[in-house]
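# Observations on chain architecture
In case you want the letters, here they are:
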Amino acid sequence: MNIKKLVINSLLLAIGAILSQMTPPLVLGMKPDFSLALLFIIILLNNDYKTCLCTGIVAGLLAALTTTFPGGQLPNIIDKIITTNIMFLFLMPIRNVLNNQIKILIVTAVGTIVSGTIFLTSAFFIVGLPTSFRLLFLSIVIPACVINTVVSGILFNAINIASKRKIGI
């Protein structure tokens, strides 16, 4: 693995974890997971499956360490690993067809819904849900989808601008 890619991916995951920690809760003390938006940016920027899978595992571990969902550690790990695989496969046919601006918006919107569904389903079977699946999906996953899609578009543009500039030391 390229050291430069490793450092960039690590920084993006750290930024995602920090943003997730700083986000105020929406409903029932739960908040959107901004590390997902950065995970999707990493998947878009990297063609390598192993890099994406490792990033998904690390994102799951970071989300497990910072979750506010009661018993959400294992569902977070399961969610990020499965979501990474699904979104990597989802991106394969459109990787060379659409431009990156459209791809990141589509991948983030679809990926956040996939991730939320997997998280809630695995949490339901592992620890149970504090309220109904439908209520959590409508009040947490759908708003998180909208927020993550907007944030990922902004962050993707910022990352593109930053990566084009050379910093001399």
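This text gives an overview of the structure that appears in the document. (Residues numbered from 1 in each chain as written. Predicted model: local features only at pLDDT ≥ 70, side-chain atom pairs only at ≥ 80, totals over all residues. Heavy atoms only, no water.)

## A short note on the packing of aromatic side chains
- With the rule as written, the count across this model stands at four aromatic pairs.
- Plain terms: the ring middles of Phe 124 and Phe 125 are 5.2 Å apart, the flat faces sit at 75 degrees to each other, and that makes the pair edge-to-face.
- Arranged with centres 6.3 Å apart and planes meeting at 10 degrees, the rings of Phe 133 and Phe 137 form a pair that is stacked. Taken together, the residues Phe 133 and Phe 137, both in helix 6 (residues 133–164) and four residues apart, mark about one turn of the helix. (Phe/Tyr/Trp six-rings, centres within 6.5 Å; stacked < 30°, edge-to-face > 60°. Helix = DSSP H or I, 4+ residues; strand = E, 2+ residues; numbered from the N terminus.)

## Re the packing of helix 2 (residues 34–45) against helix 6
- At a minimum axis distance of 9 Å, the contact between helix 2 and helix 6 shows a crossing angle of 50 degrees. Judged on the interaxial angle alone, helix 6 and helix 2 are oblique. In terms of crossing hand, the pair formed by helix 2 and helix 6 is right-handed. Of the residues in helix 6, those touching helix 2 at Phe 34, Leu 36, Ala 37, Leu 38, Ile 41, Leu 44 and Leu 45 are Ile 147, Asn 148, Val 151, Ser 152, Leu 155, Phe 156 and Ile 159.
- Partitioned by chemical class, the residues of the contact of helix 2 with helix 6 number twelve nonpolar, two polar and no charged. (Axes fitted to C-alpha atoms, helices over the stretch in contact; angles between N-to-C directions. Parallel < 35°, antiparallel > 145°, perpendicular 65-115°, else oblique. Left-handed = near helix turned anticlockwise from the far one by under 90°. Contact = heavy atoms within 4.5 Å. Nonpolar A, V, L, I, M, F, W, Y, C, P; charged D, E, K, R; others polar.)

## Regarding the pattern of salt bridges
- Throughout the structure, instances matching the rule amount to two salt bridges.
- The shortest N-O distance in the salt bridge between Asp 33 and Lys 80 comes to 2.8 Å. Within this pair, whereas Asp 33 is found in the loop between helix 1 (3–22) and helix 2, its partner Lys 80 is found in helix 4 (residues 73–91), the two being separated by 47 residues in sequence. For the pair shown, Asp 33 and Lys 80 are each scored as buried.
- A salt bridge links Asp 79 to Lys 80; the shortest N-O distance between them is 3.0 Å. Across the pair, Lys 80 and Asp 79 agree in class, each one buried.
- A single network of salt bridges, built from pairs that share partners, joins Asp 33, Asp 79 and Lys 80. (Salt bridge = Lys/Arg side-chain N within 4 Å of Asp/Glu carboxyl O. Buried < 20%, exposed > 50% of the residue type's maximum accessible area, 1.4 Å probe, protein only.)

## Topic: the nonpolar core
- Core analysis: the biggest nonpolar cluster contains 20 residues, and Leu 12, Phe 40, Ile 41, Ile 43, Leu 91 and Ile 104 have the highest contact counts within it.
- Elements represented by at least two residues in this core include exactly helix 1, helix 2, helix 3 (49–66), helix 4, helix 5 (100–126) and helix 6.
- The element best represented in this core is helix 2, accounting for eight residues.
- Residues within four places of Leu 91 in sequence aside, it is in contact with Ile 43, Leu 44, Lys 103 and Val 107.
- Ranked by size, the runner-up nonpolar core spans eight residues in total, among them Ala 123, Leu 129, Ile 140 and Val 141. (Core = buried A, V, L, I, M, F, W, Y, C linked by side-chain atoms within 4.5 Å.)

Scope: geometric values only; no functional claims are made or implied.
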